[in-house]
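Architecture and fold: a report
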Amino acid sequence: MDLTPLFEQYPFLREAATAFVVIFVDICALVILLAAGRERRRGDRGWAQESRGYMLACEGTLYPLGAAEILIGRHPAADIRFSDTEVSRFHALLCLSGGKWQIEDIGAQNGVLVNGRRIAKPCTLHQNDAIQIGKHRMTVVKGSGKGVIE
Amino acid sequence: MTQTKIKPVSHPFLLLLVLIAHSAMMLLVALSFGVTPEVVKLACIVLTSDFVGSIILQFVQREACTVDTVLLLVLGMSTIYQSCFGGLEFATKHFAFGVGAFLMCQASYVVTRNPYRAERLKPLWYVLFFVLIAAIRFLTGSRGLWIDLGFITIQPSEFVKPVFVLICASSIRTQLKKSSLLGIHFVPDNLLVILCTGVIAVLQWWCRDLGSLPTFLAVAGFAFLLRFCYLREKISVRLMVFLILCVCAAAVFAWKMAPAYVQERLHSDIWADMSGTGYQQVKALTAIAEGGWFGKGAGNGSLVHVAASRTDIVFSTICEEWGLFTAMMTVILVLFLPASILTVPPRSYYHSGLAVGVAAVFMVQMTLNIFGSCNLIPFTGVTIPFISQGGSSMLASGILAGFLKAAQAPVLTDRSAVKGGK
Amino acid sequence: MAKKQQKTRTNAPQLDISAPASMRRAGKWTALLLSCFLAALVYLGYTLISEAPLYMAKSGKTTYGTVCDRNGDVLFDGSQPLTNYAPGQFADVGNLIGDTSGQMSNTVVAKHLPELANYSFTYGNEAGSASLTTTLSHAANRAVYYAFGEKNGAAIAYNWKTGEILVCVSRPCVDIAQGYANLENMAPGSLLCKAFFPTVPGSTQKVSTLLAAYESAGVQAVNALEYTCEGKWTNAGGDTINCHQIYGHGTQNLLQGFENSCNPYFAQLVQSGIVPLSSIIGTYTRMGYSVNGQKANPLNLDGITISPASTRLSDPQNFETQWGALGQGKTLVSPYQLMLWQGAIANGTGSAVQPYLVSKKTSPTGETVDIAFHGSTPQMFTPAAAQGVKEIETQNAADHYYVSFDGYNCGCKSGTAQVNDNGREYENSLLAGFCLDDRAPVAFCILIEERNSWDVSTAQIAKVLLDNVSGICNE
C-alpha cells in the first residue's frame, strides 16, 4: 500500500489526514484532562480518608483541615487566622502524620492549651478535644461525608 | 472499621485513549511510508509499551492518572517522532530511555510521596547534590558536562536538576527553625539553598556553559517566592520593587560580565552569518517555514542532517515533518504535566514546593529550547523534557514527573504501620 | 445516602476537605508561569507565520516579488536578475526603493522584506508573486533626476490633497542593477536618500519663523512690522548679521523682507520681543523640531524613518538663536519635512495630509490590500498662520518666479544654506513650495548641493517636476 503517488497528485490529502490525526490526538489529550477533573473528586475523597474527616469548630465557624500542615496564628499566610494580639503570628501547627492529627506549639507567647493543659511537646488530637489558642476555643469534630472512615 | 470504597478512574478507558492517539499517529506514518515491516515494528513496540506501562501502574499506585497517562502519551509520541526523522528507523535508544523515564517516575514517586519522609531525607539530597557537583568538576573531560563511560555518556548536570528541586522545596516547619550566629538570625535551610545556587553558578561559569543556569535560577527564585509567601506579613510594594530591582541589577551585571562567547550570541545576527554561527538557527527557521501548518509528512524532513536536530532544535524538526500545529500541540501536551496540580492541589508545603520547582524546570527548559532555536532569545543547548533525545535529560525529566505525581497523590500514612496497628 | 447518614449521625457537620489557601498558592504560581509561557507561544506562532516568507527568501528557497510605480513600471524585481532590465531602469530610484542585498536598510524594499517574499506559510511556494505598488511616477521621477544635470541633491514632491508621494529622487544614486562590486568607488551618499536626511535649510527656515510670528502676534500685526536693513546689522550681543544684499534693502515691511529674504529683517523680528522666544519654541516643537536637544518623534513614511528637524534657540538677543531662526548654523531640516510643512500651508489648515509611498500590497496568494488614506498629521500651526504664509508665499512666487512657474499658480520660498562640511565650505540651494492648480496640487522641496550661479536652478527643476506631475494627480 504505497500512497506516495496519490499524495503527490493531491497534496491537500496529506494535509487533511495530518489535520485529522492531530485534532484527534488533541481530543484524546483533552479527554484525559477531563478525566483529571474526576480525579480531583477522587483525590478529595482520598484526602478525607487520610485526614479521618477531622475539622475544627470554633465559635460557630468550621475550619476544614485540607492540608497536612495547617498553620494557626495572626499571620496572613496562616490558614486558621485570628487577628487579635493574644495570638502569636506563628502560634501553632496542626500536622497530619501516620493517620493522626497532632498539634504543636511553635513558639507561641501564650501557649496552646489542649483540654485545659498547656502542651510542651506535640500532642495527638482526638475527637471532641478542646483546644484553646488565646481566647479562642476550638473543638475537634468529625465531619460526615463520602470517604470518611467510620 | 469499614472503609468506603473509592471508585478509581477507569484505567482501561484512559489506556484506550492513549492507544487511539498513538494508532492515529501510526496511521499517518503508514500513509507516508506504506505498511513496511519497520512501520509495523514501531507500531507494535509503541502500542505494546502502552499496555505494559498501564499494567505496571496497576501495581504501583492507582492514583494520579493524569500524570501517568500524559507521560505515556508523550513518551509514545516522542518515540514516533524520533523514529521518523528523515526516514524510518526505530529509535531504540530513545525508546529505552523513555521506558527508563517511566520507571524513574514511579521510583521517584515512591520515594517522595510522603512529604515528611522526603524532607527528612534532605541531608541525603545535599550529599547527592555535592556528589554530582564533584562528578561534574572532576570526572567530566575538558570542562564539558559529559562523563564518558565508553558505551554510554552521562550528563550529571541533568540529574542535578531534580536534586536541586528536592533541596529547594521546604515545609513551613523548616522555615520556622531559626539559628543565630553573631546576633544575626537566619534560617539554615534558606542559607543552604543560596549556597547551592552559588555553587551551581560558579560551576557553570567554570564549565563555560551557562545554558542551564536560567533553569536553576528559576527553581531557586520560585522557591524563595514561595518562602516569602509563607513568612512575610504580605509582599509589600517596597519589597516587590526591591526584588525587581535586584533581578534587574543581576541581569545587567550578568549581561556586562558575560563571557565573550555569550556576548557574541547575544548580539549576533544569524542572517548575517548563515553558514557560521547562525547555521543551525537559519536551518531551523527555514525548516519551520517549509513545514507550514501540517508539515511535509513524517520522514520527509531534511533538517535531520543538521547537528542537534534531535535535541536542541527538535521543535523545528517536528515542525518540518509534522507541522507547526502538531509541534505546538505537543508542547502544550508536555505542559499538561505541571498543569496537573491545578486540578488536584497539593496537600503539603513540601509537595507544593516540589510542584512549583518542576513547573519552573519544565517551562524554563522549553522556553530556552523553543524560543532559542527560533531566534527570539539567545540560543542555548538545553532540551525539551521527554521530546528531545538524550538519556540523562530523559531520566531526569522522569524523576521530575514523579514529584508531580507525589504532589497529586500524597501518602501520609505509613501503610505498614497502620496494618500493624490493626 | 445523605438522609441515611443524617439519621445515624444527626449532629455531625458536613465534611469539608477543600485545600486551604496556602496550598492553592503553588497552583497560582504555576498558573502564572503557564499563562506566561502560553502567551509567549502565541507570540512565537505569530512571529513564525508572519516571518516565514522572509526565512525562505533569505535562505534562497524562494524569490522576492516586485515593486512597481503607479503605472505598473517596475522599480525593483526580486524574481529575476536586475540586469534583464534596460540599463538605467533603476538609476533614479535605487536609494529610495532599494534592494534585497542588505546594503541599504532604510528603503522601501528593506522595510517590506517579509511582505515581498514569494512564500506563504499556508500555501507554500507555489503561491503567485508578491508585489508592492507605490505612488511614485517613474516617468516624472526620472525626468526630475536627469533635470539635475551633473549636480547632486534631492527633490521630493507629494500630492497635498491625497498624500501620494509622486517624486522622490536623491543624487548621486546607486544603480542597483550594477551591483556593489565598486562600492569603494561609489560617490559618497549614493546609498542613502537625502530627502529623508536633515540638512541646513537656509532661508526656507524663515517660513517656520514666520509661522511662529503669525501664531503669537497675529497676521495683521506682523505684516505691518517695518525694519531697516543696511546690508548688515549688529545685534544686542554685538555680533553682526550680514545681508546677501551688501548695500542693504532699506526700510521694508514683512512682505518685502520675505521676498528679499532679508536676514537683518528677520533677525530684528526675533530680537524685538514681539514674538517671544517661548512661542517660537512652541510652534517649532509642534512642527516636529527637536529644540535644544529635546526629543522629537521621528517621522515615518511606510516604515522608512526620517530624522526629525532640530535647532538651538536659547536667547532672542543671542547670535546663535537668531542665526538658527534664519536657517543657518545648528538648524537642520530634511527636505521631506520642508515639503510636509508646505503641504500644511497649501491646504490652509496647519495640518498636512500624511504622505505615503506604498498604495497597494499584493500577497503571494494574490490578495491585495489597498492603502489609500493615511490620515493627517497633528495640528502643526494654526489655520490663520497657514493662510497668512500661503498668501505671502503666493505673492513671492508671483513677484519673483513668474517666468519660472509660467502658467502654474504657485507659492514658494527659496533658501541658500551655508554648509560647513568638515571644514569644506559651500552653499546649497533650496526651494520649498506648493502648487495650487488642480492639475498639479503638489507640495515640493528641491535641494541642489554646491550650486553655482551658472548651474541649473531649483526653480527650473521645480518647473520640470510640475510639468511631469501635472495631469497624473487626478488619475
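Residues numbered from 1 in each chain as written. Chains lettered and ligands numbered in written order. Predicted model: local features only at pLDDT ≥ 70, side-chain atom pairs only at ≥ 80, totals over all residues. Heavy atoms only, no water.

Here's the deal with the overall build of chain C
A count of helices and strands for chain C gives 15 helices and 18 strands. Here the C-alpha atoms of chain C give a radius of gyration of 29 Å, more than 25% beyond the 23 Å that 2.2 N^0.38 yields for 475 residues. Overall, the C-alpha framework of chain C stretches about 120 × 65 × 45 Å when taken along its three principal axes. Buried positions account for 55% of the 475 residues belonging to chain C. Of all intrachain contacts in chain C linking residues separated by at least 6 positions in sequence, the fraction that spans at least 24 positions is 66%. A total accessible area of about 19,400 Å² is found for chain C, and carbon and sulfur atoms account for 50% of it. Each charge class in chain C can be summarised by its mean position, and for the 30 positive and 37 negative side chains these summaries are 18 Å apart. (Helix = DSSP H or I, 4+ residues; strand = E, 2+ residues; numbered from the N terminus. Rg over C-alpha atoms; globule rule 2.2 N^0.38 Å. Buried < 20%, exposed > 50% of the residue type's maximum accessible area, 1.4 Å probe, protein only. Contact = heavy atoms within 4.5 Å. Areas by Shrake-Rupley, 256 points an atom, 1.4 Å probe, with all protein chains shown as cover. Lys, Arg positive; Asp, Glu negative; His and termini not counted. Charge placed at Lys NZ, Arg CZ, Asp CG, Glu CD.)

Section: the overall build of chain B
The helix and strand inventory of chain B stands at 18 helices and 4 strands. Residues counted as buried form 57% of the 422 residues belonging to chain B. Of all intrachain contacts in chain B linking residues separated by at least 6 positions in sequence, the fraction that spans at least 24 positions is 75%. For chain B, the exposed area adds up to about 17,200 Å²; of that, 69% sits on carbon and sulfur atoms.

Things to note about the interface of chain C and chain A
Many authors give the size of an interface as the accessible area that is lost as the parts come together. Counting from both sides, the interface comprises 15 residues of chain C and, opposite them, 22 residues of chain A. Of the roughly 1,500 Å² buried where chain C meets chain A, counting both sides, 59% is carbon and sulfur surface. The interface formed by chain C and chain A holds 0 salt bridges in total. The greatest single-element share of the side of chain C that touches chain A, amounting to 4 residues, is contributed by helix α2 (residues 21-58) of chain C. Looking at the side of chain C that touches chain A, its residues break down into 8 nonpolar, 4 polar and 3 charged. (Buried area = accessible area lost by both parts, 1.4 Å probe. Salt bridge = Lys/Arg side-chain N within 4 Å of Asp/Glu carboxyl O. Nonpolar A, V, L, I, M, F, W, Y, C, P; charged D, E, K, R; others polar.)

So, the pattern of salt bridges
Residues and elements named next belong to chain B. Tallying each qualifying case throughout the model produces 18 salt bridges over all chains. Asp 68 is the salt-bridge partner of Lys 405, the closest N and O atoms lying 2.8 Å from each other. Taken as a pair, Lys 405 in helix α17 (residues 391-408) and Asp 68 in helix α3 (residues 65-84) lie far apart in primary sequence, 337 residues in all. Pair check on accessibility: Lys 405 and Asp 68 agree, each one buried.

Focus on the confidence of the model for chain B
Residue and element names in this part refer to chain B. Here chain B shows a mean pLDDT of 82. Residues at 70 or above account for 87%. For chain B, the element scoring lowest by mean pLDDT is helix α18 (residues 415-421), at 40; helix α16 (residues 349-373) scores highest, at 92. Here residues 415-422 is a poorly scored stretch, pLDDT under 50, and it has 1 contact once near neighbours within four places are set aside; other chains count. (pLDDT = per-residue confidence, 0-100.)

With respect to the packing of helix α7 (residues 205-217) of chain C against helix α10 (residues 263-272) of chain C
Helix-helix packing is described using two parameters, namely the angle between the two axes and the distance between the axes. Residues and elements named next belong to chain C. For the pair α7 and α10, interaxial distance at closest approach is 11 Å and the crossing angle is 35°. The two elements α7 and α10 cross, and the hand of that crossing is left-handed. Contacts between α7 and α10 pair Lys 206, Thr 209, Leu 210 and Ala 213 from the former with Asn 263, Phe 266, Leu 269 and Val 270 from the latter. (Axes fitted to C-alpha atoms, helices over the stretch in contact; angles between N-to-C directions. Left-handed = near helix turned anticlockwise from the far one by under 90°.)

Looking at the sheet that holds strand β10 (residues 130-133) of chain A
The strands making up a sheet associate through backbone hydrogen bonding, with each pair oriented either parallel or antiparallel. Residues and elements named next belong to chain A. One open sheet holds the 6 strands; their spatial order is β2-β1-β11-β10-β7-β8, and the pairing between them is antiparallel. The sheet terminates laterally at β2 (61-64) and β8 (117-118), the two strands that pair on one side only. With 4 bridges joining them, β10 and strand β11 (residues 136-142) adopt antiparallel strand pairing. Directly across from Ile 133, in β11, lies its bridge partner His 136. (Pairing = 2+ DSSP bridges.)

A look at the side chain of Thr 133 of chain C
All names here are of chain C. One can find Thr 133 in strand β3 (residues 131-134). The exposure class assigned to Thr 133 is buried, which follows from its relative accessible area of 16%. Apart from the residues within four sequence positions on either side, Thr 133 is in contact with Cys 68, Asp 69, Leu 357, Val 358, Ser 359 and Lys 360.

Some points on the sheet that holds strand β2 (residues 74-77) of chain C
All names here are of chain C. What the 5 strands build is an open sheet, ordered β2-β1-β3-β14-β15; its pairing is mixed. In this open sheet, the two strands that pair with only one neighbour each are β2 and β15 (368-370). Adjacent strand axes in the sheet meet at a mean angle of 15°, parallel and antiparallel pairs treated alike. In this sheet, β3 lies alongside strand β1 (residues 66-68) in parallel orientation, the contact comprising 3 bridges. Bridging from a neighbouring strand, Cys 68 pairs with Thr 133 of β3.

Looking at a nonpolar patch on the surface
A cluster of nonpolar side chains, Tyr 10, Phe 12 and Leu 13 of chain A, forms an exposed patch at the surface whose accessible area comes to about 290 Å². Along the chain, Tyr 10 of chain A falls in the loop between α1 (4-9) and α2 (11-50). (Patch = residues over 30% accessible without salt bridge, like charges linked within 9 Å, V, L, I, M, F, W, Y side chains within 5 Å.)

Concerning α16 of chain B
All names here are of chain B. Across its 25 residues, α16 extends 36 Å between first and last C-alpha, which sits within 8% of the 36 Å expected from 1.5 Å per residue. In terms of residue burial, α16 counts as a mostly covered element, since 24 of its 25 residues are buried. Taken from the residues just after α16, Asn 375 is the one with a positive phi, measuring 70°. (Expected span 1.5 Å × (residues − 1).)

Section: the environment of Arg 171 of chain C
All names here are of chain C. Along the polypeptide, Arg 171 turns up in strand β5 (residues 165-171). Ignoring any residue separated from it by four or fewer positions in sequence, one finds Arg 171 in contact with Tyr 145, Tyr 146, Phe 148, Gly 149, Glu 150, Lys 151, Asn 152, Gly 153 and Lys 194. Within the structure, the side chain of Arg 171 is placed 2.7 Å from the backbone oxygen of Gly 149, a separation counted as a polar contact. (Polar contact = N/O pair within 3.5 Å; in protein donor to acceptor, adjacent residues only side chain to side chain.)

Remarks on helix α15 (residues 458-469) of chain C
The periodicity of an α-helix, 3.6 residues per turn, causes residues three or four places apart in sequence to face the same way. All names here are of chain C. When the terminal C-alpha atoms of α15 are compared, their 16 Å separation across 12 residues agrees well with the 16 Å that a helix rising 1.5 Å per residue should span. Along α15, the residues classified as buried are Thr 458, Ala 459, Ile 461, Ala 462, Leu 465, Leu 466 and Val 469. Viewed along the axis of α15, the buried residues span an arc of 155°, placing them on a single side of the element. Elements that come into contact with the buried residues of α15 comprise α6 (138-147), β4 (153-159), β5, β16 (410-421), β17 (424-435) and β18 (442-448). Of the residues one or two after α15, Gly 471 is the one with positive phi, at around 100°. (Arc of directions from axis to C-beta.)

Points about the side chain of Ser 397 of chain B
Residues and elements named next belong to chain B. The residue Ser 397 is located in helix α17 in this model. Separated by 2.7 Å, the side chain of Ser 397 and the backbone oxygen of Ser 393 make a polar contact. Setting aside its immediate chain neighbours within four residues, Ser 397 contacts Phe 362, Pro 385 and Phe 386.

Brief notes about the nonpolar core
In this structure, Phe 315 and Phe 386 of chain B are the most contacted members of the largest nonpolar core, which totals 139 residues. For this core, the element with the highest residue contribution is α16 of chain B, accounting for 15 residues. Residue contacts for Phe 386 of chain B: discarding those within four places in its chain leaves Leu 71, Val 74, Leu 75, Ser 78, His 94, Ala 101, Leu 337, Phe 362, Met 394, Ser 397, Gly 398 and Ala 401 of chain B. Grouped together as the second largest cluster of nonpolar side chains are 98 residues, Val 291, Leu 301, Met 380 and Cys 445 of chain C included. (Core = buried A, V, L, I, M, F, W, Y, C linked by side-chain atoms within 4.5 Å.)

Structural notes on the pairing of β18 of chain C
All names here are of chain C. Extensive coverage of β18 is indicated by the burial of 7 of its 7 residues. Going residue by residue along β18, you find Val 442, Phe 444, Ile 446 and Ile 448 tucked away on one face and Ala 443, Cys 445 and Leu 447 tucked away on the opposite face as well. Counting the residues in the hairpin turn of β17 and β18 gives 6 residues.

Overview of the packing of α3 of chain B against α17 of chain B
Residues and elements named next belong to chain B. It is the contact of α3 with α17, at a shortest axis distance of 9 Å, that shows an interaxial angle of 160°. Comparing their axes, α17 and α3 come out roughly antiparallel. Crossing angle aside, the handedness with which α3 passes α17 is right-handed. Taken together, the residues of α17 that come into contact with α3 (itself represented by Thr 66, Val 67, Asp 68, Leu 71, Leu 75 and Ser 78) are Met 394, Ala 401, Leu 404, Lys 405 and Gln 408. (Parallel < 35°, antiparallel > 145°, perpendicular 65-115°, else oblique.)

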